[in-house]
Amino acid sequence: MKKIWAATAIALAATVGAVSANAAIKVDGMPLMQSAPANGVPLFINGAGVVNLGGKMAAAVYLPQNTTSASSIMTMPGAKSIRLTALSDMQSTGLAKALEAGVKKSVSAAQYASFKPAMDAFTKQLISVKQIPKGETVELLFEPSNGIVLMGPGAHIIPGTGNAELYQAILRMLPSSVLSSPAVQKQNVS
C-alpha cells in the first residue's frame, strides 16, 4: 500500500510541478496536460472547461480511453482522474464547500450519509491547505483498489477514501463539456 502512495506522490510531483511538453490544451489560458499517469497507467484527457467551485478553475477529466458516453465515463473500469487547476489564487475552503454541496445535491440523503466520512476527510484536508495558488492543481484520483486519493498543492495527499459511487457523484457535478469533449479528445497525442 505504501508503494502505491509513493508512486502516486512521485507521479503527481513529476506532472503537476511543471507543465510537460504535451500540455497543448489550454483552458482559459491555463495549459493542461493531454495525458496523466495513474501509477504507471496513462490516462487521457476526455474533456475540459472552466468551472466555478469556490473560485474559477480549469477542470479536466482523464480516463483510460476516450469516450463521449456519460454512462461509459461513470462505469469505465480502471483509474480516473479529475484535475482542478486554480485560474487565480483562491481559498481552499471555497473548493471544499463546493465539493460537499455538489455531492449533497446529486445524491439521496441516505447515500450522502454514507459518503459523509469521506467528504469530511476531503474538507479537512483541503482546509489545511488554506490557499490554492494560481496554476496549482487539486486532483481527485479514483483507483479501484484504493478509492479516491485527494492530492492538493504541495505534499498535501489524503490516502484513498470513498468509493466508486462517491466518485460518480463528483463527476456528475461537472458540466458535460468537462466530462467529454470530442474537440479536446482530438488534441490527444497517440
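For clarity, every value in this text was computed on a predicted model and none was experimentally measured.

A. Structural detail: helix H4 (residues 109-129). Taking 1.5 Å of rise per residue, 21 residues should cover 30 Å, and H4 covers 29 Å from first to last C-alpha, within 8% of that figure. Directly beyond the C-terminal end of H4, a positive phi value near 70 degrees is found at Lys 130.

B. Representation of helix H5 (residues 164-172) within the structure. Every buried residue of H5 is accounted for by Leu 166, Tyr 167, Ala 169, Ile 170 and Leu 171. The distance from a side-chain oxygen at the start of H5 to the backbone nitrogen of Glu 165 is 3.1 Å, and the residue carrying that oxygen is Asn 163.

C. Structural detail: the environment of Ala 60. Following the sequence through the fold, Ala 60 ends up in strand S5 (residues 56-63). Its relative accessible area of 1% is what places Ala 60 among the buried residues. Excluding anything up to four places from it in sequence, Ala 60 contacts Leu 32, Ile 45, Gly 47, Ala 48, Ser 81, Ile 82, Arg 83 and Val 178.

D. The pattern of salt bridges, seen in detail. Inspection of the entire model under this criterion finds 4 salt bridges. Ionic pairing is found between Glu 100 and Lys 116, a salt bridge with its closest N-O pair at 3.2 Å. With a gap of 16 residues between them, Glu 100 in helix H3 (residues 92-106) and Lys 116 in helix H4 connect regions that are remote in the sequence. Of the charged contacts in the structure, one is a salt bridge between Asp 120 and Lys 116, with a shortest N-O distance of 2.7 Å. With Asp 120 and Lys 116 both in helix H4, this residue pair falls 4 residues apart, about one helical turn. Under the relative-accessibility criterion, Lys 116 is labelled partly exposed at 29%.

Thresholds, definitions, all that
Residues numbered from 1 in each chain as written. Predicted model: local features only at pLDDT ≥ 70, side-chain atom pairs only at ≥ 80, totals over all residues. Heavy atoms only, no water. Helix = DSSP H or I, 4+ residues; strand = E, 2+ residues; numbered from the N terminus. Expected span 1.5 Å × (residues − 1). Buried < 20%, exposed > 50% of the residue type's maximum accessible area, 1.4 Å probe, protein only. Polar contact = N/O pair within 3.5 Å; in protein donor to acceptor, adjacent residues only side chain to side chain. Contact = heavy atoms within 4.5 Å. Salt bridge = Lys/Arg side-chain N within 4 Å of Asp/Glu carboxyl O.

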